[in-house]
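# Notes for the structure review
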Amino acid sequence: GAVVSQHPSWVICKSGTSVKIECRSLDFQATTMFWYRQFPKQSLMLMATSNEGSKATYEQGVEKDKFLINHASLTLSTLTVTSAHPEDSSFYICSAMPDRLGAFFGQGTRLTVV
Amino acid sequence: QQQVKQSPQSLIVQKGGISIINCAYENTAFDYFPWYQQFPGKGPALLIAIRPDVSEKKEGRFTISFNKSAKQFSLHIMDSQPGDSATYFCAATLGDSSYKLIFGSGTRLLVRP
């Protein structure tokens with residue numbers, strides 16, 4: 001299957017700092033990527049749709065100024081958590097679809113804000 | 001109408017048994033139904049998927065059964081193994097260009113040796 005690489009796998013940052021998470025499609029081009037957030041023992045919550053060359057589309061209730069998304073190329077989308085606080089601690093996952101046959105997910109990023 | 005309801009929340013099966021996870025939906029615009037397997041600390045991995053014009057799809061020990069009239073679909077894991085212990089999510093996508101996945105709430109499967 002297609003490969004989506006997410007980096008870093010885990011990150012610890014101090015409250016008030018910003019953290020950038022990268023999502024790359026390694027063997028296909030992705031004009032659209034998706035960012036999810038997952039709390040322990042819960043399902044994936046879609047945060048936003050990242051569109052190459054244009055603004056991201058955020059789901060209702062997601063702060064666009066808190067979670068900055070940039071999709072600068074057909075293989076890379078980044079999520080920046082700005083001015084992170086402990087409540088932003090979570091598991092963040094990206095996905096991309098090479099075609100309509102299914103989304104492929106990155107390995108996820110465990111963010112801990114202390 | 002955008003929801004996908006998944007049950008059970010958790011499931012314990014003996015090794016060699018059949019694991020069955022069920023999902024139901026309301027929106028008839030959904031046109032693609034994948035299942036994902038997720039291990040702790042990892043991203044979900046696509047397991048198997050089906051379109052509504054097919055009633056059953058089998059890949060190895062994994063089978064999706066799809067009932068379009070009842071708007072239900074299920075995952076059957078035959079000869080369940082301890083290595084199958086994971087969280088399973090059903091999902092659905094709308095028949096538009098958004099490609100958005102709507103996830104079920106997940107089922108935590110434990111296969112006892």
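Sequence order as written defines residue numbering, which begins from 1 separately in each chain. Just so you know, chain letters begin at A and ligand numbers begin at 1, following the order they were written in. Predicted model: local features are reported for residues with pLDDT of at least 70 only, side-chain atom pairs are reported and counted for 80 or more only, and whole-chain, interface and lining totals are derived from all residues. Note: side-chain values were computed over all heavy atoms of the structure, leaving out hydrogens and water.

A separate point is the state of the cysteines. Cysteine sulfur atoms that pair up within 2.5 Å are treated as a disulfide. Per the counting criterion, the structure on display carries two disulfides over all chains. In this model, Cys23 of chain A is linked to Cys94 of chain A through a disulfide, with the two sulfur atoms separated by 2.0 Å. Measuring handedness by torsion sign, the sulfur bridge of Cys23 of chain A and Cys94 of chain A sits at about 80° and is right-handed. Note that Cys23 of chain A is positioned in strand S3 (residues 19-25) and Cys94 of chain A in strand S9 (residues 90-96), a separation of 71 residues in sequence. With respect to burial, Cys23 of chain A and Cys94 of chain A carry one shared label: buried. Here Cys23 of chain B is linked by a disulfide to Cys90 of chain B, with a sulfur-sulfur distance of 1.9 Å. One quick way to see it: the torsion about the S-S bond of Cys23 of chain B and Cys90 of chain B is about -95°, and its sign makes the bridge left-handed. Of this pair, Cys23 of chain B sits in strand S3 (residues 19-25) while Cys90 of chain B sits in strand S9 (residues 86-94), and the two are 67 residues apart along the sequence. Note on classification: 1.4 Å probe, protein chains only; a residue is buried when its accessible area is under 20% of the maximum for its type, exposed when over 50%, partly exposed between these limits. Classification of Cys90 of chain B by relative accessible area gives buried; the value is 0%. Put simply, DSSP marks the helices as runs of H or I at least four residues long and the strands as runs of E at least two long, and each gets a number from the N terminus on.

Next up on the list: the interface of chain A and chain B. Contacts are residue-level and defined by heavy atoms, with any inter-residue pair within 4.5 Å sufficient. The interface is formed by 22 residues belonging to chain A together with 22 residues belonging to chain B. Buried area is understood as the total, over both parts, of accessible area removed when two parts are fitted together, assessed with a 1.4 Å probe. Carbon and sulfur atoms make up 58% of the area that chain A and chain B hide from each other, which totals about 1,700 Å². Think of a salt bridge as a Lys or Arg side-chain nitrogen and an Asp or Glu carboxyl oxygen that are within 4 Å of each other. Linking chain A with chain B are one salt bridge. One salt bridge in this structure joins Lys100 of chain B and Glu59 of chain A, with 2.9 Å as the shortest N-O distance.

We now examine the sheet that holds strand S7 (residues 62-67) of chain B. Residues and elements named next belong to chain B. The pairing criterion for strands is at least two bridges between them, as found by DSSP. An order of S1-S3-S8-S7-S6 is seen for the five strands of this open sheet, with the pairing classed as antiparallel. With partners counted over all chains shown, the strands left at the sheet margins are strand S1 (4-7) and strand S6 (56-59), one partner each. Sheet twist, expressed as the mean angle between neighbouring strand axes with direction ignored, is 15°. Here S3 pairs with strand S8 (residues 72-77) via six bridges, running antiparallel. Paired with Asn22 across the bridge in S8 is Ser74. Orientation is described by lines fitted to C-alpha atoms, with helices fitted over the stretch in contact, and by angles between N-to-C directions that extend from 0 to 180 degrees.

With that out of the way, let us pick up the nonpolar core. For this analysis, a nonpolar core means a set of buried residues of the types Ala, Val, Leu, Ile, Met, Phe, Trp, Tyr and Cys, connected via side-chain atoms within 4.5 Å. With 27 residues, the main nonpolar core has Phe67 and Leu111 of chain A as its most contacted residues. Among the secondary structure elements, those contributing two or more residues to this core are strand S2 (10-13), S3, strand S4 (32-38), strand S5 (44-51), strand S7 (67-73), strand S8 (76-81), S9 and strand S11 (109-113) of chain A. Apart from residues no more than four positions distant in its own chain, Leu111 of chain A is found in contact with Val11, Cys13, Val19, Val81, Asp88, Ser89, Ser90 and Tyr92 of chain A. In this structure, Leu47, Ile48, Leu75 and Leu94 of chain B belong to the second largest nonpolar core, which totals 26 residues.

Here the focus is the layout of surface pockets. By volume, the largest pocket is sized at about 520 Å³. Within this scheme a cavity is a closed region of a 1 Å grid, computed over the protein atoms alone, that accommodates a 1.4 Å probe without allowing it to escape, whereas a pocket is open but has protein on both sides within 12 Å along at least five of seven lines; lining residues each have an atom within 4 Å of a point. As for the largest pocket, its lining consists of 27 residues, and the residues nearest its centre are Lys41 and Gln42 of chain A together with Gln38, Thr87 and Arg108 of chain B. Elements represented by at least two residues in the lining of the largest pocket include exactly strand S2 (10-14), S9 and strand S11 (107-112) of chain B. Among the elements that take part in the lining of the largest pocket, S11 of chain B stands out by supplying four residues, more than any other. Gly is placed with the polar residues, together with every amino acid not listed as nonpolar (Ala, Val, Leu, Ile, Met, Phe, Trp, Tyr, Cys and Pro) or charged (Asp, Glu, Lys and Arg). By residue class, the composition of the lining of the largest pocket is eleven nonpolar, twelve polar and four charged. Secondary structure elements with two or more residues in the lining of the second largest pocket: S5 of chain A together with strand S10 (101-103) of chain B. Taken together, the residues that form the lining of the second largest pocket break down as six nonpolar, two polar and two charged. Grid points are joined across faces, edges and corners, and a volume is the space filled by probe spheres set on the points.

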